[in-house]
Amino acid sequence: MLSSIRTQLILVLIALVALLLVQGYIARENQSVLSSGMAASSRAVVDVGIVKELERDVIDLQRNVLIYKENASQSAVTRFERLMLSINKRLDELADPVTQNGEIDDTYVLSRMHKHLSAYQENFRQVIDARSRKDDLIIDGSLSDLLAIKRLFDTANEDFALPQSTIDKLNFHIAKAENAILRYLMKPDMALITQFNEAITAVKAITMNNQTLHSQVNELLEKAEADLFKLTQITQGNLFLVNVVMAGSANEFLYLSGELANQVTSKTESIAHNTYLVAQETRRNGEIFSLVSILLALTAAIFTAYRILGPIRTITEVLSLIHI
């Protein structure tokens, strides 16, 4: 069966078609590998961009926290909330297995980033609450108490028969205490609290000779001291929360985002290297199959010339002789 010319031609043609199909398949696989590598590299670039945006937004968060700490701006709170939504959205994009295509393997890093972000938001709520309590103490606290004492001294000449010189001294020390509070609100310093206490002690000492006045003033002074103590506790707690706790959370978040960027970059380099190796191997296979196809085509041509054209030429010559 294999000795017939028809069968041999069919086998040669089948071999040629098979080689062409294999070569087409290899070319398609090569294209697929290159396409997937380019897609992965493109996604990695997007992920690195998202990580950089996260770092920018976290720095912006810190800026808005400091703005709120200084002037209790509601716009800073609004901006903070918008940034939180933006950061959470970007973290979800990085964690989405459908969109990130395997560039990010360490979901633990993303989980830690989410936790730090939640803690940062909760701490900021505490800062807002502390600022509200601080403002209440400023309005109804020590400054209000000192103002009530000053009003009491305005009538001390008539009500308690105090000489004007004594009243002037009392007003001087009250003004000194008030100045210490105002300066403390601008720039917290424990030396100013010491000045306040010294002024209060001086007022108490001056009013000791008048028990009625001393009793009324002492009650207001004790309230002023208690309110100032609360104010200092809130202020110091707020400073510690913003400058230590929240700053630490932000720095840890930035560190993790850097780790995430390194991870994405490393994964991208690995994908690019693997893509290059696969492309090289596919190219070599394609070249081998191309060479085999060329050799087979040459063999088919020689075979055709030998098995078909030769006999046809012989028949043509015989027919020519017969015709003659």
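Residues numbered from 1 in each chain as written. Predicted model: local features only at pLDDT ≥ 70, side-chain atom pairs only at ≥ 80, totals over all residues. Heavy atoms only, no water.

(A) Summary view of the nonpolar core. Residues Leu61, Ile87, Leu91, Met113, Phe124, Met246 and Phe253 are the most contacted members of the largest nonpolar core, which totals 30 residues. Put simply, the parts of the chain that give this core at least two residues each are helix H1 (5-71), helix H2 (74-95), helix H4 (107-140) and helix H9 (211-323). When residues no more than four places from it in sequence are discounted, the contact partners of Leu61 are Phe80, Leu83, Met84, Ile87, Leu117 and Tyr120. (Core = buried A, V, L, I, M, F, W, Y, C linked by side-chain atoms within 4.5 Å. Buried < 20%, exposed > 50% of the residue type's maximum accessible area, 1.4 Å probe, protein only. Helix = DSSP H or I, 4+ residues; strand = E, 2+ residues; numbered from the N terminus. Contact = heavy atoms within 4.5 Å.)

(B) Representation of the packing of aromatic side chains in the model. Taken as a whole and assessed by the stated rule, the structure comprises three aromatic pairs. Between Tyr68 and Phe124 the ring centres are 5.7 Å apart and the planes differ by 70°, which places this aromatic pair in the edge-to-face class. With a gap of 56 residues between them, Tyr68 in helix H1 and Phe124 in helix H4 connect regions that are remote in the sequence. What makes Tyr68 buried here is its relative accessible area of 4%. A centroid spacing of 4.0 Å and a plane angle of 25° characterise the contact between Phe80 and Phe124, whose relative ring orientation is stacked. Taken together, the positions of Phe80 in helix H2 and Phe124 in helix H4 put the pair 44 residues apart, joining distant regions of the chain. In this structure, Phe80 and Phe124 share a single accessibility class: buried. What links up through ring pairs into an aromatic cluster is the set Tyr68, Phe80, Tyr120 and Phe124. (Phe/Tyr/Trp six-rings, centres within 6.5 Å; stacked < 30°, edge-to-face > 60°.)

(C) Region of the structure containing the pattern of salt bridges. Here the structure, examined in full by the defined rule, presents 14 salt bridges. The closest approach of N and O atoms between Arg133 and Asp129, which form a salt bridge, is 3.2 Å. Taken together, the residues Arg133 and Asp129, both in helix H4 and four residues apart, mark about one turn of the helix. A salt bridge links Asp135 to Arg131; the shortest N-O distance between them is 3.2 Å. One end of the pair is Asp135 and the other is Arg131, both in helix H4 and four residues apart, which spans about a single turn. Arg131 gets classed as buried once you look at its relative accessible area, which sits at 14%. Sharing partners across several salt bridges, the network here consists of Glu53, Arg56, Asp57 and Arg90. (Salt bridge = Lys/Arg side-chain N within 4 Å of Asp/Glu carboxyl O.)

(D) Broad picture of a nonpolar patch on the surface. The grouping of Leu291, Ile294, Leu295 and Leu298 at the surface amounts to a nonpolar patch, some 400 Å² of accessible area in total. Considering the arrangement of structural elements, one finds Leu291 in helix H9. (Patch = residues over 30% accessible without salt bridge, like charges linked within 9 Å, V, L, I, M, F, W, Y side chains within 5 Å. Areas by Shrake-Rupley, 256 points an atom, 1.4 Å probe, with all protein chains shown as cover.)

(E) Region of the structure containing the packing of helix H5 (residues 142-154) against helix H7 (residues 164-186). Here H5 crosses H7 at 165°, and the two axes come no closer than 10 Å. With respect to H7, the element H5 is oriented roughly antiparallel. Both H5 and H7 take part in a crossing whose hand is left-handed. Taking contact as the criterion, the partners of Ser142, Leu143, Leu146, Ile149, Lys150 and Phe153 in H5 are, on H7, Ile167, Leu170, Asn171, Ile174, Ala177, Glu178, Ile181, Leu182 and Leu185. (Axes fitted to C-alpha atoms, helices over the stretch in contact; angles between N-to-C directions. Parallel < 35°, antiparallel > 145°, perpendicular 65-115°, else oblique. Left-handed = near helix turned anticlockwise from the far one by under 90°.)

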